[in-house]
Each structure stands twice: as structure tokens, then as C-alpha cells.
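Geometric and topological summary
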Amino acid sequence: MQNEKYISEIVANVIKSMQGETATPAPEKRLKGVFDTMSEALAAVDTAYKQLRGYSVEQREKMIAKIREYTRAEAENMAKLGVEETGMGRVSDKIIKHMLVADKTPGTEDLSPSVRTGDCGMTLVEMAPFGVIGSITPSTNPSETVICNSMGMIAGGNAVVFNPHPNACRTANYAVDLINRAVLEAGGPENVAVSVVKPTRETSDEMVKSPIVRMLVATGGPGVVKMLLSSGKKAIGAGAGNPPVIVDDTADIEKAAKDIVAGASFDNNLPCIAEKECFAFDNITDRLMSLMEQNGAYRLNAEQTEKLKGIALVEKDGKYDINKKWVGKDAGKFLKALGIESDARLIICETEASHPFVQVEMMMPILAIVRVNNIEEAIALAVQAEHGNRHSAHIHSKNIDNLSNFAKAVETTIFVKNAPSYAGIGAGGEGYTTFTIAGPTGEGLTAAHSFTRQRRCVLVDSFHII
Ligand code: NAD
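Residues numbered from 1 in each chain as written. Predicted model: local features only at pLDDT ≥ 70, side-chain atom pairs only at ≥ 80, totals over all residues. Heavy atoms only, no water.

1. Considerations on the nonpolar core
Phe279, Leu288 and Met292 are the most contacted members of the largest nonpolar core, which totals 63 residues. If sequence neighbours within four positions are ignored, methionine 292 has contacts with Ala257, Ile260, Val261, Ala297, Ile348, Leu367 and Ile369. (Core = buried A, V, L, I, M, F, W, Y, C linked by side-chain atoms within 4.5 Å. Buried < 20%, exposed > 50% of the residue type's maximum accessible area, 1.4 Å probe, protein only. Contact = heavy atoms within 4.5 Å.)

What follows is the structure, encoded as C-alpha cells:
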């Protein structure tokens with residue numbers, strides 16, 4: 001219910017903005033903050049950071065408010081551009097993702113200084129900027145990550161240089177331009193967020209090694225997180241997941257079916273938090289799958305499932321990997337390749353736990369369902385399928401022991417009970433949003449506070465007034 005309310009509010013706002021009630025600034029020829037070379041970008045962002053230091057927290061908050069306004073107004077542009085450039089995802093869902101970023105990314109209110117007083121006086125701990133932050137962003141949420149990172153980083157008093165995914169850099173750089181337009185209109189400095197026209201591994205290398213960059217943030221798969229963690233700098237790593245969802249026989253099966261289809265098909269399963277394999281109790285699996293079919297899923301038989309394996313995955317030396325051409329594609333396209341005409345949002349099929357549809361992080365609207373006999377088996381298989389990423393996991397159950405035992409065993413950063421996975425980032429669930437979920441380095445759902453340094457200021461023998 002709450003999810004539906006949240007999503008219908010977003011749709012109403014989008015319609016409003018499309019009716020011209022919110023101004024959409026015309027795109028300019030030369031994108032603001034986007035440079036030909038990384039050295040130009042670094043020099044510009046260095047100057048911007050020095051200027052930003054002279055701005056008050058209230059002024060920073062005005063910049064964030066303008067970014068929110070621009071993001072709402074241009075959500076549809078960015079959603080369309082993202083799908084057009086990457087060939088992945090769904091425009092309607094990407095609009096929701098941008099609205100979520102605009103509405104629920106924390107600003108300066110996330111920074112809370114602390115004070116300790118006692119016999120010796122008063123000690124104050126404040127959250128200071130790091131300086132210039134270098135951020136590497138993924139192809140799956142290109143503009144969402146740029147905007148969400150920028151809001152948190154600027155709220156924390158930092159400036160940011162991006163090296164976006166090369167296959168999504170037009171969309172990411174549109175967002176860099178948006179940040180600069182918004183900040184300038186709010187009276188802020190030029191180039192608080194910068195990027196390069198053509199990001200490459202070389203530009204990424206230059207950014208990582210530059211003495212101007214004091215902190216690094218990577219959002220992506222295991223390769224980029226590993227690279228960043230060996231940089232010798234303070235780094236935040238937001239890595240891959242393969243979120244399992246368990247459905248036991250105490251769950252509201254109708255709601256579970258609906259929620260899982262909604263979560264697993266959202267943006268064609270691109271989000272790192274989305275349900276990627278399902279472990280269902282044997283006695284409710286048939287009903288669960290029929291209810292999923294009634295809620296927008298298409299069920300494959302065993303022969304079709306094996307055929308789909310040959311399309312969605314590639315095999316090398318007995319190991320399966322994703323066929324990159326098919327990441328984030330509509331379910332209808334996969335079905336068409338199987339000779340089936342359907343506008344289903346999600347494909348479901350029954351497999352063994354060892355099937356690559358369970359084990360590989362596919363980021364495709366394909367959900368394998370594995371029958372289990374009891375909660376112990378469900379938890380053991382789900383923990384194995386999550387591969388120790390400790391990213392996200394979900395469950396539908398009314399049994400409090402099952403809920404807590406799975407949470408304890410899987411140790412994920414995000415754990416959603418009885419809702420679609422996206423409730424874990426604030427869509428229909430309590431809490432703020434982020435598109436950089438830092439499991440490997442432990443910051444969790446990043447926000448302004450994650451991009452700050454704690455500084456202590458001690459005053460001895462004063463301001464202790466009792
Ligand atoms: P990707 O790992 O291919 O690319 C991410 C970024 O890292 C890109 O900018 C890419 O150019 C760069 N990169 C990749 N390998 C690198 C290396 N060895 N050295 C330097 N740079 C490198 O990921 P993607 O396909 O764009 O995104 C999907 C992946 O990201 C999935 O694994 C997903 O789970 C993960 N992801 C995680 C989060 C999170 O918050 N934890 C959010 C979104 C996506």
C-alpha cells in the first residue's frame with residue numbers, strides 16, 4: 001500500500017513537471033563541469049573546493065535544494081537518455097529512481113556534531129569535508145549515482161570529480177551539468193562537480209593518483225572496488241550483490257508474489273538490491289508462482305529455461321558469466337528470442353540451487369525459483385547464493401524466528417522483510433536513499449556523513465557550566 005502511494009505521488013509530480021509547472025532548463029552545448037582532459041577537470045575542481053570552503057552550511061543547503069528541484073524537473077530527460085545510451089532498464093522506473101534521489105537523499109541535516117562536557121571542560125567533534133573526492137560510477141544508475149553522490153558530498157562541504165562508466169558517460173555528464181547549473185543558480189561556485197568528456201581507465205588512473213583527490217568512492221562490480229582499495233587512499237567501496245529472497249509458508253503469499261515481481265522487475269533488475277533468486281517452501285511454491293503470473297510474470301518450462309540460459313549467459317571453461325548484450329533488457333525481448341509474444345515484466349522459472357540463474361548476478365528480469373523443504377535449507381542456500389557479498393537479502397515471512405535467523409546468517413547491509421527490495425532504499429520503506437551502498441568498506445548506505453572527517457576541538461576548563 002505504502003509503495004503504491006509513494007509511486008503514485010511520483011507519477012503525479014512527473015505529470016505536473018511535464019505540464020510545464022516546473023521549468024526544465026534547456027540543455028546547453030557545452031556541458032558545465034565536463035572537461036576534455038582529466039588534468040583540466042582536476043584543476044577546476046581544486047579551485048571550486050577552495051571557493052566552497054568559504055560558503056556557509058546554510059548556503060550549501062540552498063545548493064542541495066536547487067539540485068533537488070532540477071532533478072525532479074529533468075527526471076524524465078535523464079531516464080530517457082539513460083535507456084537510450086546504455087540500452088538498459090525502463091524509462092518509467094528510472095523516473096522513479098531520480099525522484100527518489102531528489103526526495104530522499106539527505107542534505108546537510110545529516111551532519112551532526114557532538115559535544116562532550118565534564119570536569120575538564122568541553123570537547124566538540126565536528127564533521128569536516130575531506131576536500132576533493134574522486135568518484136567512479138556504474139552504467140546501471142549513471143545519472144542517479146552522480147546526483148546522489150554530489151548531493152551528499154557537497155552537503156559535506158566537498159567538491160567531486162567523476163570518472164563515469166564509459167558506456168554511460170553522456171547520461172552521467174548530463175547529471176554533472178545539472179549539478180553545476182543548480183549550484184550556480186543557488187549562488188555557489190563553478191565546477192563543484194566535474195567530469196571528462198571521454199572517461200577511460202587512463203583518466204580513472206590519473207584521478208585516483210592525483211594528490212588533489214583526498215578520498216575515493218567506487219560504485220560498481222568487484223574489479224573497481226578492489227582497484228580502489230589498493231590505492232593507498234581513504235576509499236569507500238560499494239560493490240556487487242546477488243540478493244536472495246526467501247518465502248516461507250507463514251508469509252502472505254499473495255503479497256509476497258506481488259512484491260517480488262515488483263522488486264525483481266524494477267528497472268529490469270538492474271539495481272544491486274533487487275531480488276535475484278528466490279527460495280520458496282515446497283508447500284507454497286506452486287501457489288507463489290501462479291500468483292506471480294497473475295502479477296506480471298511469465299513462467300517458463302524446463303526446456304525454455306535451458307534455451308534462455310544459452311541466451312542470457314556465456315560459458316567459458318565450465319563457468320557461466322553474463323552475456324553483456326542482454327543486461328537490463330525488457331523481459332519481452334528475452335521472450336521474443338524464445339518465440340513467445342508477451343509484455344510480461346518478469347520471467348520466472350524453477351531451477352536447482354546450483355543453476356547459474358541462481359549463482360550469477362545477472363541484472364536481467366529473470367528470476368529463478370528454488371524449492372526448499374524448511375527454513376534451515378532456505379537460509380543455507382540463500383547465504384551461499386549471496387556469495388559473502390553481504391550486500392542485500394530479503395524475506396517474506398510472519399515467523400519472527402525465521403526473520404531474525406536469516407538476518408543473522410546472511411549479514412547483509414540491507415535486509416528487507418515483507419516488501420519489495422526497493423523499500424530498502426526508502427521507496428515505500430522508512431529511511432533515506434542512496435545509490436552507493438558500501439558493504440565492503442562498511443559505511444552502509446552512504447550519505448553526507450560518510451563523506452566527512454571527524455575533527456575534535458578541545459577547550460579545557462571552560463564551557464562546563466554546572
Ligand atoms: P562495473 O564494475 O562494470 O563498472 C563500474 C565502474 O567501475 C565503471 O565506471 C567502470 O568503468 C569502472 N571499472 C570497472 N572495473 C574497473 C577496474 N578494474 N579498474 C578501474 N575501473 C573499473 O559495473 P556496472 O556494470 O557499471 O554496474 C553493475 C555492478 O555494480 C553490479 O555488480 C552491481 O551490483 C554493482 N553496483 C553496486 C552498487 C552499490 O551501491 N553497492 C550500486 C550500483 C551497482
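2. Focus: the sheet that holds strand 7 (residues 213–219)
Read across the open sheet, the six strands follow the order 1-6-5-4-7-8; overall the sheet is parallel. Taken across any chain shown, the strands that pair with only one partner, and hence form the sheet edges, are strand 1 (34–35) and strand 8 (234–238). Along the sheet, helix 7 (residues 201–209) contacts strand 4 (132–136), strand 5 (159–163), strand 6 (193–196) and strand 7; its crossing angle with strand 5, the most-contacted strand, is approximately 150°. Seen against the sheet, helix 8 (residues 222–229) touches strand 4, strand 7 and strand 8 and runs at an angle of roughly 170° to strand 8. (Pairing = 2+ DSSP bridges. Helix = DSSP H or I, 4+ residues; strand = E, 2+ residues; numbered from the N terminus. Axes fitted to C-alpha atoms, helices over the stretch in contact; angles between N-to-C directions.)

3. Notes on the state of the cysteines
In the structure shown here, the tally under the stated rule is zero disulfides. Just so you know, cysteine 272 is unpaired, no disulfide at all, and the nearest cysteine sulfur is the one on cysteine 148, 11 Å from it. (Disulfide = S-S within 2.5 Å.)

4. Regarding the site of the ligand
Inspection of the region around the ligand gives 28 residues, with Thr137, Ser139, Gly221, Glu361 and Ile437 positioned closest. The separation between an oxygen atom of the ligand and a polar main-chain atom of glycine 220 is 3.4 Å. Here a nitrogen atom of the ligand sits 2.8 Å away from a polar atom, N or O, in the main chain of glycine 239. When isolated, the ligand has an accessible area of 840 Å², and the protein chains bury 85% of it. Examining the composition of the shell around the ligand, we find that three residues originate from one element, helix 8, more than from any other. For the shell around the ligand, the class distribution of residues is 12 nonpolar, 14 polar and two charged. Each of domain 1 (21–239 + 443–459) and domain 2 (244–431) contributes no fewer than three residues to the shell around the ligand. (Near = heavy atom within 4 Å. Polar contact = N/O pair within 3.5 Å; in protein donor to acceptor, adjacent residues only side chain to side chain. Areas by Shrake-Rupley, 256 points an atom, 1.4 Å probe, with all protein chains shown as cover. Nonpolar A, V, L, I, M, F, W, Y, C, P; charged D, E, K, R; others polar. Domains from an automatic or database assignment.)

5. Some details on the pattern of salt bridges
Side chains that differ in sign of charge can pair as their charged atoms come close. Throughout the structure, instances matching the rule amount to 23 salt bridges. When the shortest N-O distance is used, the salt bridge between glutamate 76 and lysine 80 registers 3.1 Å. Placement of both glutamate 76 and lysine 80 in helix 3 (residues 57–86) is noted, with a separation of four residues, approximately one turn of the helix. Owing to a relative accessible area of 45%, lysine 80 belongs among the partly exposed residues under this scheme. With its nearest N and O atoms 3.0 Å apart, the salt bridge here joins lysine 309 to glutamate 306. With lysine 309 and glutamate 306 both in helix 11 (residues 302–312) and three residues apart, this pair spans about one turn of that helix. (Salt bridge = Lys/Arg side-chain N within 4 Å of Asp/Glu carboxyl O.)

6. A look at the packing of aromatic side chains
Scanning the model with the defined rule gives three aromatic pairs in all. Both rings, one in phenylalanine 406 and one in phenylalanine 415, keep their centres 5.3 Å apart while their planes meet at 65°; by these two values the pair is edge-to-face. The exposure class assigned to phenylalanine 406 is buried, which follows from its relative accessible area of 0%. (Phe/Tyr/Trp six-rings, centres within 6.5 Å; stacked < 30°, edge-to-face > 60°.)

7. Concerning the sheet that holds strand 20 (residues 452–460)
On the basis of which strands lie adjacent, the open sheet formed by three strands has the order 2-3-20 and antiparallel pairing. The strands lining the two open edges of the sheet, one partner per strand, are strand 2 (114–118) and strand 20. Mean inter-strand twist for the sheet, computed between neighbouring axes without regard to direction, equals 20°.

8. Some words on the domain arrangement of the protein chain
Where interface size is quoted, it is often the accessible area lost as the parts come together. Per the domain assignment, the segments making up the protein chain are domain 1 (21–239 + 443–459) and domain 2 (244–431). Computed from C-alpha coordinates alone, the two centres of domain 1 and domain 2 are separated by 31 Å. For the pairing of domain 1 and domain 2, the buried interface totals around 1400 Å² over both sides, and the portion due to carbon and sulfur atoms is 56%. Taken together, the links from domain 1 to domain 2 amount to four salt bridges. Lysine 97 is the salt-bridge partner of aspartate 267, the closest N and O atoms lying 2.5 Å from each other. Scanning the region where domain 1 abuts domain 2 turns up nine residue pairs in polar contact (both at pLDDT 80 or more). Elements represented by at least two residues in the side of domain 1 that touches domain 2 include exactly helix 4 (91–104) and strand 19 (444–445). (Buried area = accessible area lost by both parts, 1.4 Å probe.)

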